[in-house]
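Results of the structural survey
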Amino acid sequence: MKDNDCIFCKIAAGDIPATKVYEDDVVVAFKDLNPMMPVHTLIIPKEHYDNIADDIPDATLAHLMRTVGTVADAQGVRETGFRIIANTGADACQSVGHVHIHVLGGAPMNDGDPSLS
Ligand code: AMP
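Residues numbered from 1 in each chain as written. Predicted model: local features only at pLDDT ≥ 70, side-chain atom pairs only at ≥ 80, totals over all residues. Heavy atoms only, no water.

Regarding the sheet that holds strand 2 (residues 27–31)
Pairing between the strands of a sheet comes from backbone hydrogen bonds, and it takes one of two forms, parallel or antiparallel. Taken together, the 5 strands give an open sheet; going across it, the order is 1-2-3-5-4, and neighbouring strands pair in antiparallel fashion. Both outer strands of the open sheet, strand 1 (20–23) and strand 4 (82–85), are each paired with one neighbouring strand and no more. Pairwise comparison of adjacent strand axes, ignoring direction, gives a mean angle of 20° for this sheet. For strand 4 and strand 5 (residues 101–105), the ladder comprises 4 bridges, and the chain directions are antiparallel. Pairing of Ile85 across the sheet is with His102, part of strand 5. Against the sheet, helix 2 (residues 58–75) touches strand 1, strand 2, strand 3 (39–45), strand 4 and strand 5, its axis set at about 155° to strand 3. (Pairing = 2+ DSSP bridges. Helix = DSSP H or I, 4+ residues; strand = E, 2+ residues; numbered from the N terminus. Axes fitted to C-alpha atoms, helices over the stretch in contact; angles between N-to-C directions. Contact = heavy atoms within 4.5 Å.)

Rendered as structure tokens:
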């Protein structure tokens, strides 16, 4: 269900702009506003769920994860490598309460980089 106060729900609905790199009926992927890497894309389900541990239907969760490869192709990092992160809750510094997967790449990373905190 759409949360009227959720910025990612608004992006999913097209109510606020985002640089989309992929979209279908279930998910949308768009460039992070404050990129930590040359490639920094966020993948979200269009339906609102608070985080990756929320009660997300299996098909939606699978679709979300399947989109990682699609985004990696679209952003040209499948061969060079990339990292995915799903910050979850306060200790992990989740700042937007709509589940999202960060796809990061485009340059070599060290262990633990980027911190995203
Ligand atoms: P997290 O800290 O894991 O919740 O990540 C939230 C991410 O959303 C941050 O990397 C922000 O830069 C990004 N972000 C917030 N608002 C927007 C927006 N309107 N468009 C694109 N990215 C955004």
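A look at the packing of aromatic side chains
Following the criterion strictly, the structure yields 1 aromatic pair and no others. Ring centres of Phe8 and Phe30 lie 5.3 Å apart, and the angle between their planes is 75°; on these two criteria the pair is classed as edge-to-face. Here Phe30 lies in strand 2 and Phe8 lies in helix 1 (residues 7–13), a separation of 22 residues in the sequence. Phe30 shares its class with Phe8; the two are buried. (Phe/Tyr/Trp six-rings, centres within 6.5 Å; stacked < 30°, edge-to-face > 60°. Buried < 20%, exposed > 50% of the residue type's maximum accessible area, 1.4 Å probe, protein only.)

Comments concerning the site of the ligand
Every one of the 16 residues lining the ligand counts as a neighbour, but Asp32, Asn87, Ser95, His100 and His102 are closest to it. Contacts to the ligand include Asn34, whose side-chain N or O atom sits 3.5 Å from an oxygen atom. With respect to the ligand, the backbone of Cys93 contributes an N or O atom lying 3.2 Å from an oxygen atom. Isolated, the ligand exposes 500 Å² of accessible area, and the fraction of that covered by the protein chains is 86%. Examining the composition of the shell around the ligand, we find that 3 residues originate from one element, helix 1, more than from any other. Considered class by class, the residues forming the shell around the ligand number 8 nonpolar, 6 polar and 2 charged. (Near = heavy atom within 4 Å. Polar contact = N/O pair within 3.5 Å; in protein donor to acceptor, adjacent residues only side chain to side chain. Areas by Shrake-Rupley, 256 points an atom, 1.4 Å probe, with all protein chains shown as cover. Nonpolar A, V, L, I, M, F, W, Y, C, P; charged D, E, K, R; others polar.)

With respect to the nonpolar core
Val21, Val27, Ala29, Ile43, Tyr49, Ile56, Leu64, Val68, Val71, Val99, Ile101 and Val103 together form the largest nonpolar core, which totals 12 residues. Elements represented by at least two residues in this core include exactly strand 2, helix 2 and strand 5. Among the elements that make up this core, the one with the highest residue count is helix 2 (3 residues). Those residues within four positions of Val27 in sequence are excluded, and the remaining contacts are Tyr22, Ile43, Ile44, Pro45, Lys46, His63, Leu64 and Thr67. (Core = buried A, V, L, I, M, F, W, Y, C linked by side-chain atoms within 4.5 Å.)

Structural measurements only, silent on function.
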